[in-house]
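Now for the letters of each chain:
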Amino acid sequence: MSYTSILARIKEKLHSSEPFAIEIHDADINALTREEARDLSRKYHGDVLITLPESERAYFDWIKKEDPAVWNDLWSEGELYTVGISFLEQLLEAGNGFRICDLQQEDNYFFTSRHIKKPEGWEYLETVIERIRGGEAVSPSDALLYTISVEDIDIWRFSYRHNIPLATAKSIVAHLAHENLLVHLTSSEDLVRYIDF
């Protein structure tokens, strides 16, 4: 039902001469399948803007409070919390939200499993996985490394999700990089080689 509802809203707005963004809500996102989100993205890529749903707006409001320089880098230009429909699939629960990976003025802290160093990082990760399987508690540093191994994530999303102060999360990244376990690329030009979406 949500797919047809979003499609109807898009078609209605496309026939309007006014600039627009389709308002998307969490209920819309929760009702979409990955295939439906991908279909809408492909059909209207470059032609349709969407608003971020409530949960994403709350996340970016948190960033505005916790890291205003990053928030400004993301949202100081253009329509607030408005993105291209090509990002729709990222907004699904399995998509892990709108990714922060193209900062121009601030350092990027976006990671994929390709950022885990071979062999040191992967060997260390095996010990982390064994502890998790054994029911042992792991440190925030180990939790971040494990998270990076299973999903693309930025440090803001990780901090927000796990209620870890940003300064702590950034120091964890510095520690993992210093220990030769993780590659940290701060420039969007360097980072783009590691991004597949």
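Note: the structure precedes this text.
Presented here is a report on the structure given in the accompanying data block. None of these values were measured; they are calculated from a predicted model.

Scanning the protein from N- to C-terminus turns up 11 helices and four strands. Oriented by its inertia axes, the alpha-carbon framework of the protein measures out at about 55 × 35 × 30 Å. Within the protein, buried positions represent 44% of all 197 residues. Once local pairs closer than 6 in sequence are excluded, the contacts in the protein between residues at least 24 apart make up 72%. For the protein, the exposed area adds up to about 10,700 Å²; of that, 49% sits on carbon and sulfur atoms.

Let us look at the packing of helix 8 (residues 140-150) against helix 10 (residues 166-178). Their axes nearest at 10 Å, the elements helix 8 and helix 10 cross at an angle of 75°. The angle between helix 8 and helix 10 places the two elements in the roughly perpendicular class. Taking contact as the criterion, the partners of Pro-140, Ser-141 and Leu-144 in helix 8 are, on helix 10, Ile-172, Val-173, His-175 and Leu-176. Its residues placed into classes, the contact of helix 8 with helix 10 shows five nonpolar, two polar and no charged.

A separate point is the packing of aromatic side chains. According to the stated counting rule, one finds 12 aromatic pairs in the structure shown. With centroids separated by 5.9 Å and ring planes inclined at 65°, the aromatic side chains of Phe-60 and Phe-98 adopt a geometry described as edge-to-face. A residue pair is termed long-range when its members are at least 10 positions apart, and Phe-60 in helix 4 (residues 54-66) and Phe-98 in the loop between helix 6 (88-91) and strand 3 (110-111) qualify at 38 residues. The same class applies to Phe-60 and to Phe-98, which are both buried. Connected via pairs of aromatic rings, a cluster forms that spans Tyr-59, Phe-60, Trp-62, Trp-71, Trp-75, Tyr-81, Phe-87, Phe-98 and Tyr-160. Sitting above the plane of the Trp-71 ring, Lys-64 keeps its charged end 4.5 Å from the centroid. Taking the ring centre of Tyr-59 as reference, the NZ or CZ of Arg-157 above it sits at 3.8 Å.

Ranked by internal contacts, the top residues of the largest apolar core, which has 52 residues, are Leu-40, Ile-50, Phe-60, Ile-63, Ile-155 and Trp-156. Considering each element in turn, this core owes the most residues, five residues, to helix 10. With residues up to four places along the chain from it excluded, the contact list for Ile-155 reads Tyr-109, Leu-144, Leu-166, Ala-169, Lys-170 and Val-173. Core analysis: the next-biggest nonpolar cluster, separate from the first, contains six residues, Phe-110, Leu-191, Tyr-194 and Ile-195 among them.

Our focus in this paragraph is the side chain of Glu-89. Positionally, Glu-89 belongs in helix 6. Among the residues examined, Glu-89 registers a relative accessible area of 19% and is labelled buried. Of note is the side chain of Glu-89, whose polar atom sits 3.0 Å from the side chain of Arg-34. In this view, Glu-89 contacts Arg-34, Ala-37, Arg-38, Ser-41 and Gly-95; residues no more than four positions away in its chain are not counted.

Time to look at the environment of His-175. Assignment of secondary structure puts His-175 in helix 10. C-alpha of His-175 to C-alpha of Asp-107: the two residues are 68 residues apart in sequence and 16 Å apart in space.

Our next topic: the pattern of salt bridges. The tally for this structure, following the rule as stated, stands at 10 salt bridges. Asp-28 serves as the salt-bridge partner of Arg-9, at 3.0 Å between the closest nitrogen and oxygen. Of this pair, Arg-9 sits in helix 1 (residues 2-14) while Asp-28 sits in helix 2 (residues 26-31), placing them 19 residues apart in sequence. For Arg-9, a relative accessible area of 23% puts it in the partly exposed group. Across the pair Glu-89 and Arg-38 runs a salt bridge, and its minimum N-O distance is 2.6 Å. One end of the pair, Glu-89, is in helix 6; the other, Arg-38, is in helix 3 (residues 34-44), with 51 residues separating them in the sequence. Look at the salt bridges and you will find they share partners, linking Arg-34, Arg-38 and Glu-89 into a network.

Thresholds applied
Residues numbered from 1 in each chain as written. Predicted model: local features only at pLDDT ≥ 70, side-chain atom pairs only at ≥ 80, totals over all residues. Heavy atoms only, no water. Helix = DSSP H or I, 4+ residues; strand = E, 2+ residues; numbered from the N terminus. Buried < 20%, exposed > 50% of the residue type's maximum accessible area, 1.4 Å probe, protein only. Contact = heavy atoms within 4.5 Å. Areas by Shrake-Rupley, 256 points an atom, 1.4 Å probe, with all protein chains shown as cover. Axes fitted to C-alpha atoms, helices over the stretch in contact; angles between N-to-C directions. Parallel < 35°, antiparallel > 145°, perpendicular 65-115°, else oblique. Nonpolar A, V, L, I, M, F, W, Y, C, P; charged D, E, K, R; others polar. Phe/Tyr/Trp six-rings, centres within 6.5 Å; stacked < 30°, edge-to-face > 60°. Lys NZ or Arg CZ within 6 Å of the ring centre and 35° of its normal. Core = buried A, V, L, I, M, F, W, Y, C linked by side-chain atoms within 4.5 Å. Polar contact = N/O pair within 3.5 Å; in protein donor to acceptor, adjacent residues only side chain to side chain. Salt bridge = Lys/Arg side-chain N within 4 Å of Asp/Glu carboxyl O.

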